[in-house]
Amino acid sequence: LNPFLFKLGVPSVGMPEMLHSDVSENTVTQHEQGIGEDDASLVKELLQSGVPLSRVVQLFEDKVCERDMTAIARDLVTQGCTADANLGLVVLERSKSALTHPEFLSKHVANLAADAPDELLDPLFFTLMKEPVVLSSGYVVDRSTALDEKGQLKFSSCPFTRVALLKHVYPLVDRRRTLQEFKEKRLEAMAITAKTLLDEGNFEEFEHVIVVAERFLDDLGEETYMHKAQQFAELRLSAASMPGQVASPSDLAKSYVRLQRTLRSEQIPEFTQKVLSLEAMARQALDENRLDDAAEWCDACATVQKLCNVGLSAERLRLDLAKKKGDDLKLPRSRVYRALMGDTVATQRFLEEEQIGTGDVLDPTDMIPIPLLRRRIDSHFANDEWHLAMQSHPLILGVEKVIVQVDHLRDQGHGNQKGNLGLALYDTEGVLVTRCNLFGTIRSPGYAFDDSPCRVLLQDEDVVANAQPGFSYHLEYTVGGGGGHSLHITNWLCKIYPLGWTEDLASYRFVDPEDDEGLYVGSADTNGRAHGLGHVLYDDGEIFAGLFTHGSMTEGVIYSSGQKEPQYTMQDGSWDMASDVDGNVIVANYPVEADWLNDVQAASSDSDASSISYGGNSSE
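Visitor: Could you give me a rundown of the overall build of the chain, with the residues and numbers involved?
Guide: Along the chain, the regular secondary structure elements total 18 helices and 18 strands. At a minimum sequence separation of 6, the contacts of the chain that also span at least 24 residues come to 59%. When the accessible surface of the chain is totalled, it reaches about 31,400 Å², and 48% of it is carbon and sulfur.

Have a look at this one:
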């Protein structure tokens, strides 16, 4: 600062030789003509070095008027002589006339969108760091770059020096604090700029700032800056409500989603009333036959309905749009019907209004029983809690009956008896409705089954009678506390039969053309033979997924145990090595869930289990 103090006339001892800045050689602007060239040059140098404008005003209060210094600052931003977004913000706050300078506004918005300083960017990915750490080589990277989920180094040598790295990294608290300050200042600058532009009616630049801010929030993770996400959402919605301003449906939907995440319970009714405007806009577009616009508004309604859990009539609007366009009505009618399921009066009224029957809105595959299969469990949980083995997708219909069978079931074989298997029903919120102990406690005096138990549950069982669309089933088990207890299950199969079911599922021992044996699970013909989509779970752990014709394999794929990549394919009853996996149509048609490829070993929580089905309720 000695050269600056010298120019200001402040005495200094032992000052080094003055260095000339390139800025001092710039052409003097019209704002500097009323002040000395040296003073104007020094003002520029101070501002470019990061000295706040308010401090510069204090230093020159007797020599340069504040208006002239603000004008110099504005010109620095306009000419691209500084990338400091905060300087442009200060100019906006001090000078309303800056809003009339499009070049200044454009450059200021560009500064808001500019990358962070290099020292805040991860040098490998060039992204803004979140938790800066220093490697033993001295280089700073983000923690996620250096360490895996287990806290182990991802690389043994420094990517920049090739020097072997020590296994420890060290957090940089000061750098993290600088990062936090940068993020907060940048977001604050964006918010104030957007509010200023909105108040002045400069909607074009306002939109640019909002887009930049939303992208910045997405990169940071808006959960951390929820209050700022709310502020930007409210600004966009305020702009959309002004005369002559129409935001895109997708932008409005995003804003409502951001806003909903910050609401308190007492604010929800007011919010719900606001989002009904989306439905009104969709209805207006339909009435005016602006069908492309109506499609966008329908999509916006669907987004808000799904992510905000608000009761908009998105599917009904899409049905009305399909009628206007002359499209086939089966799918949109089916979606409306499914949205109403659970409300018997509403579904019946809908069918009467559309003059259709249940068969017109439900796919035949919806009537196919839903299978849940857990190949193997070997568990030593030392407690009496119920543990999840398998979970169904939400039910499409009510349930007619449930059949549960196990190929082989045993506990530790000695000592106290505590092992149980259960079928539990959960509502749409994941709350337990009821649970059925399927076979009783294994080996207990009241246990009436062998080691291959099977049970049929009908409507007189609460776990069947209380099933509703949207509910889900869990296969659960207990091992027992006290030590020494275990539970061992092989091929635990549950078949859920929807109300009005028209086709059965088969499960039986199957022998393929090479005489290899396994358990078949899938669709069946009237004679109970494999027919349609199904799986063979071989005794050696391999799995075949494909099509069957009256008991014979037709086409499909074989997967080895523990491997997601296919080993063999079958077409027209003939085997071939699986090649060109990415472009193989047969492989694409018959994927297999990961849980079917990996047996659960002892001490597993079994919480990652998923279901596989042979009809409309397929796994995602």
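Visitor: Please give an account of unusual backbone geometry that cites residues and values.
Guide: Residue Arg443 is not a glycine yet carries a positive backbone phi of 70 degrees. Relative accessible area serves as the criterion here: at 32%, Arg443 is assigned to the partly exposed category. A positive phi angle, near 55 degrees, is found at Asp572, a position not held by glycine. Structurally, Asp572 can be placed in the loop between strand E17 (566-571) and strand E18 (574-577).

Visitor: Summarise the sheet that holds strand E2 (residues 140-142); cite the residues concerned and give the values.
Guide: Paired through their backbone hydrogen bonds, the strands of a sheet run either parallel or antiparallel. Pairing in this open sheet of three strands is antiparallel, and the strands run E2-E1-E3 from one edge to the other. Every interior strand has two partners, whereas the edge strands, E2 and strand E3 (170-171), have only one.

Visitor: Any details on the pattern of salt bridges? Residues and values, ideally.
Guide: For the structure shown, the criterion picks out 25 salt bridges. Connected through salt bridges with shared partners, the residues Glu207, Glu214, Arg236 and Asp251 form a single ionic network.

Visitor: Residue-level account of the sheet that holds strand E11 (residues 487-498), with values.
Guide: Taken in spatial order, the four strands of this open sheet run E4-E11-E6-E9, and their pairing is antiparallel. Two strands close off the open sheet at either side, each with one partner strand: strand E4 (370-379) and strand E9 (454-457). Averaged over all pairs of adjacent strands, the angle between their axes in this sheet comes to 15 degrees, without regard to strand direction. The pairing of strand E6 (residues 399-411) with E11 spans 11 bridges and is classified as antiparallel. Across the sheet, His408 pairs through a bridge with Thr490, a residue of E11.

Visitor: Could you give me a rundown of the pairing of E17, with the residues and numbers involved?
Guide: As paired elements, strand E16 (residues 552-559) and E17 share four bridges and run antiparallel to each other. If you follow Tyr559 over to E17, its bridge partner there is Pro566. As defined by bridge partners, E17 adjoins E18 across four bridges and the pair is classed as antiparallel. Paired with Met570 across the bridge in E18 is Trp575. Following E17, the chain reverses through two residues before pairing antiparallel with E18; Asp572 in that reversal takes a positive phi of roughly 55 degrees.

Visitor: Could you give an account of the pairing of E4, naming the residues involved and the relevant values?
Guide: When you tally the buried positions in E4, you get nine out of 10 residues, the bulk of the element. With nine bridges connecting them, E4 and E11 associate as antiparallel partners. The partner of Asp378 across the bridge, within E11, is His488.

Visitor: Account for the nonpolar core, with residues named and values stated.
Guide: Within the largest apolar cluster, 54 residues are counted, with the highest numbers of intra-cluster contacts made by Leu47, Val56, Phe60, Met69, Met190, Phe206 and Phe232. Contributions of two or more residues to this core are made by helix H2 (37-48), helix H3 (53-59), helix H4 (66-78), helix H5 (85-94), helix H6 (102-113), helix H8 (173-199), helix H9 (203-220) and helix H10 (226-240). Those residues in contact with Val56 that sit more than four places away from it in its chain are Val43, Leu46, Leu47, Val51 and Met69.

Visitor: Lay out the packing of aromatic side chains in plain terms, naming residues and giving numbers.
Guide: A complete count under the given rule lists 10 aromatic pairs for this structure. Taking 5.9 Å as the distance between ring centres and 85 degrees as the angle between the ring planes, the aromatic pair formed by Phe544 and Trp575 counts as edge-to-face. Of this pair, Phe544 sits in strand E15 (residues 543-549) while Trp575 sits in strand E18; the two residues are 31 residues apart in sequence, bridging distant segments of the chain. By relative accessible area, which is 0% here, Phe544 ends up buried. Members of the aromatic cluster, each reached through a chain of ring pairs, are Phe510, Tyr520, Phe544, Phe548 and Trp575. Directly above the ring of Tyr497 sits Lys401, whose terminal nitrogen or CZ lies 4.7 Å from the centroid.

Visitor: Give me the confidence of the model for the chain: which residues, what numbers.
Guide: For the chain, the average pLDDT comes to 80, and 85% of its residues sit at 70 or higher. Low confidence marks residues 1-33, where pLDDT is under 50. Its contacts with residues over four positions away, or in another chain, come to 36 contacts.

Visitor: I'd love a proper account of the side chain of Thr262, names of residues and values included.
Guide: Inspection of the secondary structure assignment puts Thr262 in the loop between helix H11 (249-260) and helix H12 (268-287). Of the polar contacts made by the side chain of Thr262, one reaches the backbone oxygen of Leu259; its length is 2.8 Å. In this view, Thr262 contacts Met226, Gln230 and Gln267; residues no more than four positions away in its chain are not counted.

Visitor: Before we move on, can you summarise the packing of H11 against H12 with the specific residues and values?
Guide: At a minimum axis distance of 11 Å, the contact between H11 and H12 shows a crossing angle of 170 degrees. The angle between H11 and H12 places the two elements in the roughly antiparallel class. Across from Leu252, Tyr256, Leu259 and Gln260 in H11, the residues of H12 making contact are Phe271, Lys274, Val275, Ser277 and Leu278.

Visitor: Outline the environment of Asp343, supporting the account with residue identities and numerical values.
Guide: Within the element layout of this structure, Asp343 appears in the loop between helix H15 (330-340) and helix H16 (344-354). Put simply, Asp343 and Pro469 are 126 residues apart on the chain and 9.6 Å apart in space, counted from C-alpha to C-alpha.

Visitor: Describe in detail H8, supporting the description with residues and values.
Guide: Residues separated by three or four positions in an α-helix point in the same direction, a consequence of the helix having 3.6 residues per turn. When the terminal C-alpha atoms of H8 are compared, their 39 Å separation across 27 residues agrees well with the 39 Å that a helix rising 1.5 Å per residue should span. A positive phi of about 80 degrees marks Gly201, the residue just after H8.

Visitor: Can you lay out the environment of Arg375 for me, pointing to particular residues and giving the numbers?
Guide: Looking at the secondary structure, you find Arg375 in strand E4. Arg375 sits 114 residues away from Ile489 along the chain, and the two C-alpha atoms are 7.8 Å apart.

Visitor: Can you tell me about the side chain of Ser255, naming the residues and giving the values?
Guide: Looking at the element boundaries, Ser255 is found in helix H11. Taking relative accessible area as the criterion, Ser255 reaches 0% and is therefore assigned buried. Not counting residues up to four positions away in its chain, the partners in contact with Ser255 are Glu214, Ala233, Arg236 and Leu237.

Visitor: How would you sum up the packing of helix H13 (residues 291-308) against helix H14 (residues 314-325)? Please name residues and give values.
Guide: Remark: H13 packs on H14, axes separated minimally by 9 Å, with the N-to-C direction vectors making an angle of 160 degrees. Classified by the interaxial angle, the pair formed by H13 and H14 is roughly antiparallel. Between H13 and H14 lies a crossing of left-handed hand. Listed contacts from H14 to Leu291, Ala294, Ala295, Cys298, Asp299, Cys301, Ala302 and Gln305 of H13 are Ala314, Leu317, Arg318, Leu321, Lys324 and Lys325. Among the residues making up the contact of H13 with H14, the classes are represented as nine nonpolar, one polar and four charged.

So, how was this worked out
- Numbering of residues starts from 1 in every chain and runs along the sequence as written.
- In view of the model being predicted, local features appear only for residues whose pLDDT reaches at least 70, and side-chain atom pairs are presented and counted only at 80 or more, with totals across whole chains, interfaces and linings using the full set of residues.
- Values reported for side chains reflect all heavy atoms of the structure, with hydrogen atoms and water molecules removed beforehand.
- Note on conventions: DSSP H or I runs of at least 4 residues are helices, E runs of at least 2 residues are strands, and numbering of each starts at the N terminus.
- We call two residues in contact when some of their heavy atoms are within 4.5 Å.
- Only the protein chains shown count as cover for residues, with accessible areas throughout obtained via the Shrake-Rupley method and a probe of 1.4 Å.
- Note on exposure labels: buried denotes an accessible area under 20% of the residue type's maximum, exposed denotes more than 50%, and partly exposed covers the range between, all computed with a 1.4 Å probe on protein chains only.
- We treat two strands as partners when DSSP finds at least two bridges between them.
- Any Lys or Arg side-chain nitrogen located within 4 Å of an Asp or Glu carboxyl oxygen qualifies as a salt bridge.
- With axes taken as lines fitted to C-alpha atoms, and helix axes fitted only over the stretch in contact, angles between N-to-C directions fall between 0 and 180 degrees.
- Think of a nonpolar core as a cluster: buried Ala, Val, Leu, Ile, Met, Phe, Trp, Tyr and Cys residues, connected wherever their side-chain atoms sit within 4.5 Å.
- Stacked, edge-to-face and tilted labels apply to pairs of Phe, Tyr and Trp rings (six-membered ring for Trp) whose centres lie within 6.5 Å, assigned for plane angles under 30 degrees, over 60, and everything in between, in that order.
- Distance and angle both matter: a charge sits over a ring if NZ of Lys or CZ of Arg is within 6 Å of the ring centre and within 35 degrees of the ring normal.
- What pLDDT reports is the predictor's confidence in each residue, on a scale of 0 through 100.
- Whenever a nitrogen or oxygen atom comes within 3.5 Å of another N or O atom, the pair is scored as a polar contact, on the condition that within protein one atom can donate a hydrogen and the other can accept it, and that pairs from neighbouring residues in sequence are kept only if both atoms are in side chains.
- Roughly parallel here means an angle under 35 degrees, roughly antiparallel means over 145, roughly perpendicular means 65 to 115, and every remaining angle is called oblique.
- Expected helix span is computed as 1.5 Å times (number of residues minus one).
- Crossing chirality is assigned from the near helix's rotation relative to the far helix, an anticlockwise turn below a right angle marking it left-handed and a clockwise turn marking it right-handed.
- Basically, the charged four are Asp, Glu, Lys and Arg, the nonpolar ten are Ala, Val, Leu, Ile, Met, Phe, Trp, Tyr, Cys and Pro, and anything else, Gly included, counts as polar.

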